[in-house]
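Residues per chain are reported as follows:
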Amino acid sequence: MTTEEIDTVAKSAAAPAGTTGANGPATTRIRTEGGVLNVFSHGILVLWALMVGVPLLWVLWSAFKDSNGILSDPWGLPTSLRWENWANAWNDANMGQYFINTVIVVGGSVIGTMVLGSMAAYVLARFTFPGNSFIYYLFVAGMSFPVFMLVIPLFFVLRDFPGSPLLATYHGLILVYIAYSLPFTVFFMTSFFRTLPNSVAEAAMIDGASHTRTFFQVMLPMAKPGLISIGIFNFLGQWNQYLLPMVLNQQEEKYVLTQGLAMIALQQGYENDWGALMAGMMIAMLPVLVVYAIFQRQVQSGLTAGAIK
């Protein structure tokens with residue numbers, strides 16, 4: 001028997017039953033199933049993109065139309081660009097003030113959430129002490145606690161806070177946003193810190209670095225992908241938050257964008273300026289779209305980096 005015949009017999013013996021080489025029935029069936037799955041998954045993605053993109057585009061071109069154009073031909077493109085809709089939304093509907101209020105509240109709460117959440121996650125991930133697992137699972141349990149059960153107790157806590165009431169204040173709303181976002185932040189960052197190498201922290205400690213310096217100068221920069229990912233999630237959740245400010249922030253001059261949009265939508269039912277409402281919606285959505293477009297790659301890399309040891 002020649003060498004070629006021996007190789008052929010060995011390959012035939014190693015092949016699973018029901019196959020006849022690279023182009024056998026089993027291989028063909030696997031390829032067919034894979035093709036059907038790809039077509040199905042791509043179809044779902046296209047459908048999802050249409051469900052998200054079409055309403056967004058409709059709001060965008062409606063922001064440049066007058067009320068009659070929106071009501072008479074809602075799907076038609078604007079015949080002229082009515083930039084006054086944006087001016088009316090920014091000035092007359094106070095969207096400018098609501099935008100500034102939102103930047104103050106969300107900016108402070110995202111920074112506070114990232115600092116406190118990353119510090120707590122680092123301790124839970126890197127240090128072993130009695131109650132470590134209990135504290136970690138308390139944060140995990142906080143993610144499943146419905147916020148609807150908290151709004152009434154939070155209202156009375158902020159109203160009756162010793163010293164100075166926190167109800168309808170920037171710092172009060174910032175503290176509530178931080179407490180609301182901490183459970184998921186700690187859960188996400190704890191898993192991320194566990195994937196980082198211990199040797200780097202140990203080398204820093206041998207060189208004389210304190211725990212604080214090791215955290216801020218060594219470990220925190222290494223966790224940058226995770227910080228960006230969870231920062232984007234917190235930004236999106238806090239920017240679009242409606243229930244908490246609606247209950248805890250009842251002074252109109254301190255309204256955030258979601259409250260302002262709800263007020264504009266109520267007013268437009270009587271004033272019939274739908275173009276300004278659409279422009280206000282775009283003003284509220286543009287920062288979210290810009291932030292995600294800038295940090296899209298960092299979000300994806302942060303989500304995958306935490307799963308790779």
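Structure shown above.
Here is what the cut-offs are and how they apply
- Per chain, residues are indexed from 1 in the order of the written sequence.
- Totals for whole chains, interfaces and linings use all residues, but because this is a predicted model, local features are given only for residues with pLDDT of at least 70 and pairs of side-chain atoms are given and counted only at 80 or more.
- Derived side-chain values reflect all non-hydrogen atoms in the structure, with water molecules and hydrogen atoms excluded from consideration.
- Numbering of helices and strands starts at the N terminus; helices are DSSP runs of H or I of at least 4 residues and strands are runs of E of at least 2.
- Working definition: with a 1.4 Å probe on protein chains only, accessible area under 20% of the residue-type maximum means buried, over 50% means exposed, and in between means partly exposed.
- Contacts between residues were defined by any pair of non-hydrogen atoms, one from each residue, lying within 4.5 Å.
- Using a 1.4 Å probe, the Shrake-Rupley method yields the accessible areas, and only the shown protein chains count as cover for residues.
- Think of a salt bridge as a Lys or Arg side-chain nitrogen and an Asp or Glu carboxyl oxygen that are within 4 Å of each other.
- Buried Ala, Val, Leu, Ile, Met, Phe, Trp, Tyr and Cys residues that are joined via side-chain atoms within 4.5 Å together make up what is termed a nonpolar core.
- Pairs of N or O atoms are called polar contacts if they sit within 3.5 Å, as long as, within protein, a hydrogen donor faces a hydrogen acceptor (for residues adjacent in sequence, only side-chain-to-side-chain pairs).
- An axis is simply a line fitted to the C-alpha atoms; with a helix, the fit covers only the stretch in contact. Between two such axes, the angle follows the N-to-C directions and lies from 0 to 180 degrees.
- Each crossing gets its handedness from the near helix: less than a right angle anticlockwise from the far helix is left-handed, clockwise is right-handed.
- Each residue gets one label: Ala, Val, Leu, Ile, Met, Phe, Trp, Tyr, Cys and Pro are nonpolar, Asp, Glu, Lys and Arg are charged, and the others, such as Gly, are polar.
- Under the convention used throughout, the expected extent of a helix is 1.5 Å for every residue step, that is, one less than its residue count.
- Any two rings among Phe, Tyr and Trp, with Trp reduced to its six-membered ring, count as a pair given centres within 6.5 Å; such a pair is stacked if its planes are under 30 degrees apart, edge-to-face if over 60, and tilted if neither.
- A ring is considered to have a charge above it if a Lys NZ or an Arg CZ atom is located within 6 Å of its centre and within 35 degrees of its normal.

**Brief notes about the overall build of the protein chain**
Here's step 1: When its secondary structure is counted, the protein chain shows 15 helices and 0 strands.
Here's step 2: Across the 309 residues that make up the protein chain, the buried fraction comes to 35%.
Here's step 3: Sequence-distant contacts in the protein chain: of pairs separated by 6 or more residues, those separated by 24 or more amount to 72%.
Here's step 4: Only carbon and sulfur atoms are counted for the fraction: they give 69% of the accessible area of the protein chain, which is about 18,200 Å².

**Section: the pattern of salt bridges**
Here's step 1: Enumeration over the complete set of coordinates arrives at 2 salt bridges.
Here's step 2: Between arginine 82 and glutamate 84 there is a salt bridge, with the nearest N and O atoms lying 3.3 Å from each other.
Here's step 3: Judged by its relative accessible area of 28%, arginine 82 falls in the partly exposed class.
Here's step 4: A relative accessible area of 36% means that glutamate 84 is categorised as partly exposed.

**Overview of the nonpolar core**
Here's step 1: In terms of nonpolar packing, the biggest core is built from 41 residues, with Trp86, Met95, Met189 and Phe193 touching the most fellow members.
Here's step 2: Among the elements of the structure, α4 (84–92), α5 (95–126), α8 (170–195), α10 (211–222), α11 (224–239), α13 (257–271) and α14 (274–294) are those that each provide at least two residues to this core.
Here's step 3: Sorting elements by how many residues they give to this core places α5 first, with 8 residues.
Here's step 4: Look past the residues within four positions of methionine 95 in its chain and what remains in contact with it is Ala89, Trp90, Leu257, Leu261, Ile264 and Gly280.

**Considering the side chain of glutamine 238**
Here's step 1: Considering the arrangement of structural elements, one finds glutamine 238 in helix α11.
Here's step 2: For glutamine 238, a relative accessible area of 2% puts it in the buried group.
Here's step 3: Of the polar contacts made by the side chain of glutamine 238, one reaches the side chain of serine 181; its length is 2.8 Å.

**So, the packing of α5 against α8**
Here's step 1: Two elements in contact, α5 and α8, have axes whose closest approach is 6 Å; the angle formed by their N-to-C orientations is 40 degrees. As α5 runs across α8, the sense of the crossing is right-handed.
Here's step 2: Residues belonging to the contact of α5 with α8 are distributed by class as follows: 17 nonpolar, 11 polar and 2 charged.

**Comments concerning α11**
Since the α-helix turns once every 3.6 residues, residues separated by three or four places project in the same direction.
Here's step 1: Compared with an ideal rise of 1.5 Å per residue, which puts 16 residues at 22 Å, α11 spans 22 Å between its outermost C-alpha atoms and is within 8% of the ideal.
Here's step 2: Every buried residue of α11 is accounted for by Gly226, Leu227, Ile228, Ser229, Ile230, Gly231, Ile232, Asn234, Phe235, Gln238 and Trp239.

**Points about the environment of alanine 204**
Here's step 1: Along the chain, alanine 204 falls in helix α9 (residues 198–206).
Here's step 2: With 11 residues separating them in the primary sequence, alanine 204 and phenylalanine 215 have C-alpha atoms 9.7 Å apart.
Here's step 3: The contacts of alanine 204, once residues within four sequence positions are left out, are Ala209, Thr214 and Val218.

**A closer look at the packing of aromatic side chains**
Here's step 1: Under the definition given, this model contains 18 aromatic pairs.
Here's step 2: For the ring pair phenylalanine 64 and tryptophan 86, a centre distance of 5.6 Å and an interplane angle of 40 degrees mean the geometry is tilted. With phenylalanine 64 in the loop between α2 (25–62) and α3 (67–72) and tryptophan 86 in helix α4, this residue pair connects regions lying 22 residues apart in the sequence. A single burial state applies to phenylalanine 64 and to tryptophan 86, both of which are buried.
Here's step 3: Positioned above the aromatic ring of tyrosine 136 is the side chain of arginine 194, whose terminal nitrogen or guanidinium carbon lies 5.1 Å from the ring centre.
Here's step 4: Sitting over the ring of tyrosine 170, lysine 254 keeps its end group 5.6 Å from the ring centre.

**Points about unusual backbone geometry**
Here's step 1: The phi angle at asparagine 94 is positive, at roughly 60 degrees, despite the residue not being glycine.
Here's step 2: Looking at the element boundaries, asparagine 94 is found in the loop between α4 and α5.
Here's step 3: A positive phi angle, near 60 degrees, is found at alanine 168, a position not held by glycine.
Here's step 4: Positionally, alanine 168 belongs in the loop between α7 (151–159) and α8.
Here's step 5: A residue is classified by how much of its surface remains accessible, and alanine 168, at 9% relative accessible area, is buried.

From the geometry alone we can't say anything about function, so treat these as descriptive.
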